[in-house]
Amino acid sequence: MRIAVPNKGSLSEPAVEMLREAGYRVRRDSKELVVTDADHGVEFFYLRPRDVAVYVGAGTVDAGVTGRDLLLDSGSDAIEALPLGFGRSTFRFAGVPGDASDVSDLAGRRIATSYAGLVRAHLAEHGVEAEVVRLDGAVETAITLGVADVIADVVETGTTLRAAGLETFGEPILASEAVLITTEQYRDEPALATLVRRLEGVMRARSYVLVDYDIPMNDLDLATAITPGLESPTVSPLQNPDWVAVRAMVPRKDVKRIEGRMRAVEQAVREAEELQWKKTSPEHAARASLFAAQLEGAVQDLEAKLAKAEASGDEKRAARVRKELETKQTWLDQAREGVAEFGGDQ
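The structure displayed is predicted, hence computed values, not measured ones.

Reading the values: the criteria
- Residues numbered from 1 in each chain as written.
- Predicted model: local features only at pLDDT ≥ 70, side-chain atom pairs only at ≥ 80, totals over all residues.
- Heavy atoms only, no water.
- Helix = DSSP H or I, 4+ residues; strand = E, 2+ residues; numbered from the N terminus.
- Expected span 1.5 Å × (residues − 1).
- Buried < 20%, exposed > 50% of the residue type's maximum accessible area, 1.4 Å probe, protein only.
- Arc of directions from axis to C-beta.
- Contact = heavy atoms within 4.5 Å.
- Pairing = 2+ DSSP bridges.
- Axes fitted to C-alpha atoms, helices over the stretch in contact; angles between N-to-C directions.
- Parallel < 35°, antiparallel > 145°, perpendicular 65-115°, else oblique.
- Nonpolar A, V, L, I, M, F, W, Y, C, P; charged D, E, K, R; others polar.
- Phe/Tyr/Trp six-rings, centres within 6.5 Å; stacked < 30°, edge-to-face > 60°.
- Lys NZ or Arg CZ within 6 Å of the ring centre and 35° of its normal.

Caption draft 1: Up close: helix H6 (residues 190–207). Between its first and last C-alpha atoms H6 spans 26 Å; for 18 residues at 1.5 Å apiece the expected length is 26 Å, and the two agree. Within H6 the residues assigned to the buried category are Leu192, Leu195, Val196, Leu199, Val202 and Met203. For H6, the angular spread of buried residues about the axis comes to 120°, placing them on one side. Projecting away from the buried face of H6 at angles above 90 degrees are the exposed residues Pro190 and Arg197. Buried residues in H6 make contact with strand E1 (2–6), helix H1 (12–21), strand E4 (63–67), strand E5 (79–83) and strand E11 (178–182).

Here you go:
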């Protein structure tokens, strides 16, 4: 399998690092233009970022890593196989403040860009006729030099535009990021499926954190409602039969929120030990109330996951989430019954 990788630019190093994390042999020196990974039957070709889509579309290489903006601008027959989650940016119009506010204001104007194909397609989509001036490299000075009236360029932070006295206007032309590309003829090849699976594994590993903790057996349901894991948490017995060890993957972005919930569980466990709770004691109402509060958060998270799975048409994942949601909802109803039952005795 032949894979094209950007040899320079903002996508180059992140692409190389992702491939390295996926287990492939990649270049160690920026001067290397071809690297063979014999163990995996892969050859990597380090090409100009703008040329990657052209080589893939022509079938010279089987797959490649490039930006979505470069793919669409190339006009090649390559197709997007997998978004890679890095190199995110927006492609936008920019000009002198107050000069234009929408794409409709560009009729008859001159637009400087390094992505002429992408801009022409966007203008045609909106029925706007304008002159597109193709430039290589930085286009921010095109207005000052009188080459164009507005520009269209990739925007990450906007710092360069502001330094040139320009501001973006209108809706983004495109939301771009690094993507794995291939062709219709190659998309069903087993070698590509292996590459996609490896890259998805890297993205999943980057998005999740592994947490380990010990918990009393009696509080296991409460804790696993907070850390349900990808499919299910791993629960292992400890030497003390009243305790178990739990291991689960949690979203990296939710770590702080989950940490707060787990601290609440830890506090509940500590109070339970100190008070030596019994099921018939008034304190059981407080415990049931805490359990219900934690489960409400877990149910809300699962409802959001279910909506996302249904929206994407992933029925297999939706069914799995739906089943888990039913279980958590049953626990929540039981916890609420406990609050009502024991709270009335106080």
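What follows picks up the thread again.
Caption draft 2: Focus on the sheet that holds strand E12 (residues 208–216). Pairing is antiparallel in the open sheet, where three strands are placed in the order E12-E14-E13. Both edges of this open sheet fall to E12 and strand E13 (234–237), since each of them pairs with a single strand only. Neighbour to neighbour, the strand axes of the sheet diverge by 20° on average, direction disregarded. Two strands pair when backbone bridges link them, and E12 and strand E14 (residues 243–251) are joined in this way by nine bridges, in the antiparallel orientation. Pairing of Tyr208 across the sheet is with Pro251, part of E14. Contacts from H6 reach E12 and E14 within the one sheet, and its direction differs from that of E12 by about 50°.

Caption draft 3: Broad picture of the sheet that holds strand E6 (residues 89–95). Read across the sheet, five strands follow the order E8-E7-E9-E6-E10 without closing on themselves; strand pairing throughout is mixed. The open sheet has two edge strands, strand E8 (131–134) and strand E10 (167–176), and neither has a second partner. With direction set aside, neighbouring strand axes in the sheet form an average angle of 25°. Note: strand E7 (residues 110–113) against E8, four bridges, orientation parallel. Bridged to Ile111 within E8 is Val132.

Caption draft 4: Inspection of the environment of Asp242 at higher detail. Tracing the backbone through its elements, the reader meets Asp242 in the loop between E13 and E14. Considering only alpha carbons, one finds Asp242 and Ser74, 168 residues apart in sequence, at a separation of 63 Å.

Caption draft 5: Representation of the packing of H1 against H6 in the model. Two elements in contact, H1 and H6, have axes separated by 9 Å at closest approach and are oriented at 100°. In terms of orientation, H1 lies roughly perpendicular with respect to H6. Along its contact with H1, which presents Glu17, Met18, Leu19 and Glu21, the element H6 presents Leu195, Leu199, Val202, Met203 and Arg206. Each residue belonging to the contact of H1 with H6 can be placed in one class, and the counts come to six nonpolar, no polar and three charged.

Caption draft 6: Expanded view of the side chain of Thr183. Turning to its location among the elements, Thr183 is positioned in the loop between E11 and H6. Residue classification places Thr183 among the buried residues on the basis of a relative accessible area of 9%. Each residue touching Thr183, except ones within four places of it in the same chain, is listed here: Val56, Gly57, Asp62 and Ile79.

Caption draft 7: Quick peek at the side chain of Thr66. Position of Thr66 among the secondary structure elements: in strand E4. In this structure Thr66 comes out as buried when scored by relative accessible area, which is 0%. Setting aside anything within four residues of it in sequence, one finds Thr66 in contact with Leu11, Pro49, Val52, Leu71, Glu177, Ala178, Val179 and Ile181.

Caption draft 8: Broad picture of the pairing of strand E2 (residues 34–37). Across the two faces of E2 the burial differs, with Val35 and Asp37 buried and Val34 and Thr36 not buried at all. Direction of pairing for E2 relative to strand E3 (residues 42–47): antiparallel, over a ladder of four bridges. The residue bridging Val34 from the neighbouring strand is Phe45, located in E3. Counting the residues between successive antiparallel strands, the hairpin from E2 to E3 contains four residues, one of them, Gly41, with a positive phi of roughly 65°.

Caption draft 9: Structural view of H1. Here H1 has its buried residues at Ser12, Ala15, Val16, Met18 and Leu19. Relative to the axis of H1, the buried residues are bounded by an arc of 160° and lie together on one face. If you follow the buried residues of H1, they end up packed against E1, E3, E4 and H6. Phi for Gly23, located one or two positions after H1, is positive at around 100°.

Caption draft 10: Representation of the packing of aromatic side chains. Taken as a whole and assessed by the stated rule, the structure comprises three aromatic pairs. Judged by centre distance (5.8 Å) and plane angle (80°), the ring pair of Tyr24 and Phe44 falls under edge-to-face. Of this pair, Tyr24 sits in the loop between H1 and E2 while Phe44 sits in strand E3, and the two are 20 residues apart along the sequence. A single burial state applies to Tyr24 and to Phe44, both of which are buried. Aromatic pair Phe91 and Tyr115: ring centres 5.0 Å apart, planes at 65°, arrangement edge-to-face. You can see Phe91 sitting in strand E6 and its partner Tyr115 sitting in the loop between E7 and helix H4 (116–125), a full 24 residues away along the chain. Judged by its relative accessible area of 10%, Tyr115 is buried. The aromatic ring of Tyr24 is capped on one face by Arg198, whose charged end is 5.1 Å from the ring centroid.

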